[in-house]
Amino acid sequence: MSYFAFGLGIGTQSSNDEWLEIYYNKPVINPSEALVSAVAATLGYEGGDAAIEICAEQLSDLEAAFLSVGAEDQAEVVEILKGTKQPLVVTILETDSEPATTAEVYLKLTLLSQRMVKPHGINLAGMFGLLPNVAWTNEGAVSLEDLPKRQLAARAQGKVLDVQSVDKFPKMTNYVVPAGIRVGDASRIRLGAHVGEGTTVMHEGFINFNAGTLGVSMVEGRISAGVVVGNGSDLGGGCSTMGTLSGGNNVVISVGENCLLGANAGLGIPLGDRCTIEAGLYVTGGSKVVVLDDKNNEVETVKASQLAGTSDLLFRRNSQNGRIEVKTNKSAIELNEELHKHN
């Protein structure tokens, strides 16, 4: 029998024993039947998608189960966790079905940020109802109900509980730091972002969950939820991509390979490869675009959505009459190879 994912997690619960967050150190995609069977025999798992809460006393038995099937990496995680007083959970996903628990959502978001799956390659339907709003503090996750008492307790000790954000999503780097990336401001990349090897995210860059880059990119703008940026493409300072949560409807916005979104530009259609949107120009699906030939003669006027996915295009604003024009991007912007080389 095949399985979709497995993870041994340690996390935080509220005073009402509700899960706030879960950290999976070494999640497994497509775990072997032997691994799941060994865990099942130890914990009584009977199949399906399950998040099984365990106590520290069960870790020794779990370690023996891992070693019996040659899962030394999982046994290593157990060894470090022995004696912990933090809540523990074993999450097994038989299929990539809609998540039913907070633990399942965190496992799936971790798989995305671990680059084990690509954006849109995993079922996250209904996840928002399973993620609680959490106060992310210098002492970790705190439920909003527990926050006032925790703030008072900190003050009583002459300290301040620093609330860094109130959100459903934590920052990615507290859970996953993928190899080969640079990040200017870690708070601007949410768990569930897919950050490709060779990507640099500058201080004002932002990457949402189920979105990100597939390779070498310089991100100084915003990659909204669901948006995927191809290898070699750069997003200039202040530019924005329209996600499915912010007006993109059911159209999946994407950026092909070796593209450039200029500073303060905007994108509301899927781009093909080697495309450029000049600085300050926002192109949405309904934008009227004048198509030019190689001699800058007008060919036709179309909606930008009709050009979705087309490669080798240059979108620009005519400085005299203000209309949006598009022509073949023969002299496509050559991205800074030296910069990418040292990402």
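Please read these numbers as outputs of a predicted model, since none were measured by experiment.

1. Side note on the overall build of the protein chain
- Looking only at helices and strands, the protein chain features 6 helices and 26 strands.
- For the protein chain, the C-alpha atoms occupy an extent of roughly 75 × 55 × 35 Å along the three principal directions.
- In the protein chain, once contacts between residues fewer than 6 apart in sequence are set aside, the share between residues at least 24 apart is 51%.
- For the protein chain, the accessible area works out to roughly 15700 Å², and carbon and sulfur atoms hold 47% of it.
- When the 26 basic and 40 acidic side-chain charges of the protein chain are each reduced to a single mean position, those positions are 9 Å apart.

2. Focus on the side chain of E104
- In this structure, E104 sits in helix α4 (residues 102–113).
- Of the side chains with opposite charge, K108 lies nearest to the buried E104, which makes no salt bridge, at 6.3 Å.
- Residues contacting E104, with those up to four places away along its chain left out, are D49, A50, T91, L93, E98 and P99.

3. Some words on the environment of E63
- By the element assignment, E63 lies in helix α2 (residues 59–68).
- Between the C-alpha atoms of E63 and V78, which are 15 residues apart in sequence, the distance is 6.0 Å.

4. Some details on a negative patch on the surface
- A contiguous patch of negative charge on the surface is contributed by D17, E18, E53 and E145.
- With respect to the helices, strands and loops of the structure, E53 is situated in strand β4 (residues 50–54).

5. Points about the UniProt feature "binding site: Mg(2+)" (unreviewed entry) in the protein chain
- Using the residue numbers shown here, the UniProt feature "binding site: Mg(2+)" (unreviewed entry) corresponds to E204.
- Along the chain, E204 turns up in the loop between β10 (200–201) and β11 (206–207).
- Not counting residues up to four positions away in its chain, the partners in contact with E204 are R188, E220 and G221.

6. Re the environment of Q86
- Among the structural elements, Q86 can be located in the loop between α3 (72–81) and β5 (88–93).
- Residue classification places Q86 among the partly exposed positions, given a relative accessible area of 41%.
- Excluding residues that lie within four positions of it along the chain, Q86 makes contacts with I10, G11 and T12.
- One polar contact links the side chain of Q86 to the main-chain carbonyl oxygen of G11, over a distance of 3.1 Å.

7. With respect to the pattern of salt bridges
- In the structure shown here, the tally under the stated rule is 10 salt bridges.
- Between R190 and D167 there is a salt bridge, with the nearest N and O atoms lying 2.8 Å from each other. Here D167 lies in strand β8 (residues 163–167) and R190 lies in the loop between β9 (182–183) and β10, a separation of 23 residues in the sequence.
- Relative accessible area serves as the criterion here: at 18%, R190 is assigned to the buried category.
- The salt bridge partner of R316 is E325, with a shortest N-O separation of 3.1 Å.
- The class of E325 is buried, set by a relative accessible area of 3%.
- Counted as one network, the salt bridges with shared partners bring together E298, R316, R323 and E325.

Each value, and the rule that gives it
- Residues numbered from 1 in each chain as written.
- Predicted model: local features only at pLDDT ≥ 70, side-chain atom pairs only at ≥ 80, totals over all residues.
- Heavy atoms only, no water.
- Helix = DSSP H or I, 4+ residues; strand = E, 2+ residues; numbered from the N terminus.
- Contact = heavy atoms within 4.5 Å.
- Areas by Shrake-Rupley, 256 points an atom, 1.4 Å probe, with all protein chains shown as cover.
- Lys, Arg positive; Asp, Glu negative; His and termini not counted.
- Charge placed at Lys NZ, Arg CZ, Asp CG, Glu CD.
- Buried < 20%, exposed > 50% of the residue type's maximum accessible area, 1.4 Å probe, protein only.
- Salt bridge = Lys/Arg side-chain N within 4 Å of Asp/Glu carboxyl O.
- Patch = residues over 30% accessible without salt bridge, like charges linked within 9 Å, V, L, I, M, F, W, Y side chains within 5 Å.
- UniProt positions renumbered as here; feature names shortened; annotations may be inferred.
- Polar contact = N/O pair within 3.5 Å; in protein donor to acceptor, adjacent residues only side chain to side chain.

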